[in-house]
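# Breakdown of the fold
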Amino acid sequence: MQHTFQQTPATSADLTARELDAMCVNESELKHPWWYNLKYSAWGILFGIVFVKAEIVSWFRIQEMFRFESFHMYGVIGTAVVVGAISVLLIKRLKARTIYGEEIHIPNKTFNKGQIYGGLLFGLGWAITGACPGPLFAQIGAGFPVILVTFLSAWAGTWVYGRLREQLPH
Amino acid sequence: MIEIIKQPWPWYVAGALIGLTVPYLLLVGNKTFGISSSLRHLCAACMPANIKFFSYDWRKEAWNLFFVGGIIAGAFIAGHFLMTGAPVELAEPTAEYLASKGITDNSRLLPSELFSWEQLFTLRGLIFFVVGGFMVGFGTRYAGGCTSGHAIMGLSSLQWPSLVATISFMIGGIVMTWFILPHLLTL
């Protein structure tokens, strides 16, 4: 990964922006065959079932949330954050290692204006589609093939962002 | 047992399982939770077009695509075998409001009045599918993450920029829901 980035000297703004993305920061040094990735698929399957069964992928639930007329989504996200935070705390306290014995590293996110501009834009889209990226995939799987169009558009949106990135304020 | 699973799951069960994704990914492979990155990896894999942002070895991030593949499969299983067929139970005020906008079909997770192939080729469909999807893809990458990467992973690890992002998501959603969507729904 590093070699790609060393080819062109990056500006500091560039680096700041790059650090925001989860990738390239905490890369495992271990090389594994592809099927090791199936343990992520296994959790993904559970995750997809939860998404559908708790109706997190429902456009209606997102409307309720943004209209402050139901506690459901706040309960889901709030519980997830609490459980996640306790887990992170325990992992740090116990200096837990991965199942392959690697030290666990959680990268820090640095602030940039993209979190505000991009965040607002995503929020607007979230309320229209009723889906953040995870539920987008789940809606397709759950029997709404027409959402493939939304997915393709989100994919295009990501690409256009990459294309325009240098010109956008960060 | 299967009858219990088929009922809609309460928020605390869903929230706990989603929260456990954070330690699971860290413990099995030192991965930080985030779903919107998958869209970036798909760009890098399919049409990098010499764009710096997409010029990296996406294969090293393949785990993320395996995870997303699992989500699709899991949603398929739940959507086809674990449903009771009962309509989505909506909060009374939300149901009334939506009915006043002509959205009454809560028999499935998405209202057929908005999300169907027939709708796709209308002006409203264009906005709900194409414009909405574009904002999700563009916005999440611009923000450096979505609900999973910022709201859950970021807040769990006490990153204040993620709090800024999460608040921005909420403001965007509230503005859309209260000030723009009422007009879009009646298009």
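Everything numeric in this text was worked out from a predicted model, so none of it was measured.

### Overview of the overall build of chain B
- Broken down by element type, chain B carries 9 helices and 0 strands.
- Along chain B, helices and strands appear, N-terminal first, in the series α-α-α-α-α-α-α-α-α.
- By principal-axis analysis of the C-alpha atoms, chain B measures approximately 50 × 45 × 35 Å.
- Considering only intrachain contacts with a sequence separation of at least 6, the fraction spanning at least 24 residues in chain B is 49%.

### A short note on the environment of A:Gly118
- Within the fold, A:Gly118 resides in helix H6 (residues 114-129).
- Apart from residues no more than four positions distant in its own chain, A:Gly118 is found in contact with B:Gly139, B:Thr140, B:Arg141, B:Tyr142 and B:Ala143.

### Thoughts on helix H4 (residues 59-66) of chain A
- Most of H4(A) is tucked away: 8 of the 8 residues are buried.
- A positive phi of about 55° marks A:Phe68, the residue just after H4(A).

### Examining the interface of chain B and chain A
- The partner chain A presents 115 residues to the 116 residues of chain B that form the contact.
- When residues of the side of chain B that touches chain A are traced back to their parent elements, those giving at least two are helix H2 (11-29), helix H3 (37-46), helix H4 (62-81), helix H5 (92-100), helix H6 (117-120), helix H7 (123-143), helix H8 (147-156) and helix H9 (160-185) of chain B.
- Partitioned by chemical class, the residues of the side of chain B that touches chain A number 73 nonpolar, 38 polar and 5 charged.

### Quick word on the packing of helix H8 (residues 147-164) of chain A against H7(B)
- Two elements in contact, H8(A) and H7(B), have axes separated by 6 Å at closest approach and are oriented at 40°. Overall, the two elements H8(A) and H7(B) adopt an arrangement that is oblique. Crossing of H8(A) against H7(B): the hand is right-handed. From H8(A), A:Val149, A:Thr150, A:Phe151, A:Ser153, A:Ala154, A:Trp155, A:Ala156, A:Gly157, A:Thr158, A:Val160 and A:Tyr161 reach across to H7(B), where they touch B:Phe129, B:Val130, B:Gly132, B:Gly133, B:Phe134, B:Met135, B:Val136, B:Gly137, B:Phe138, B:Arg141 and B:Tyr142.
- Split into classes, the residues belonging to the contact of H8(A) with H7(B) amount to 14 nonpolar, 7 polar and 1 charged.

Reading the values: the criteria
- Residues numbered from 1 in each chain as written.
- Chains lettered and ligands numbered in written order.
- Predicted model: local features only at pLDDT ≥ 70, side-chain atom pairs only at ≥ 80, totals over all residues.
- Helix = DSSP H or I, 4+ residues; strand = E, 2+ residues; numbered from the N terminus.
- Contact = placed C-beta atoms within 7 Å.
- Buried ≥ 20, exposed ≤ 12 C-beta atoms within 10 Å, placed from the backbone.
- Nonpolar A, V, L, I, M, F, W, Y, C, P; charged D, E, K, R; others polar.
- Axes fitted to C-alpha atoms, helices over the stretch in contact; angles between N-to-C directions.
- Parallel < 35°, antiparallel > 145°, perpendicular 65-115°, else oblique.
- Left-handed = near helix turned anticlockwise from the far one by under 90°.

Shape is all these values report; function is a separate question.
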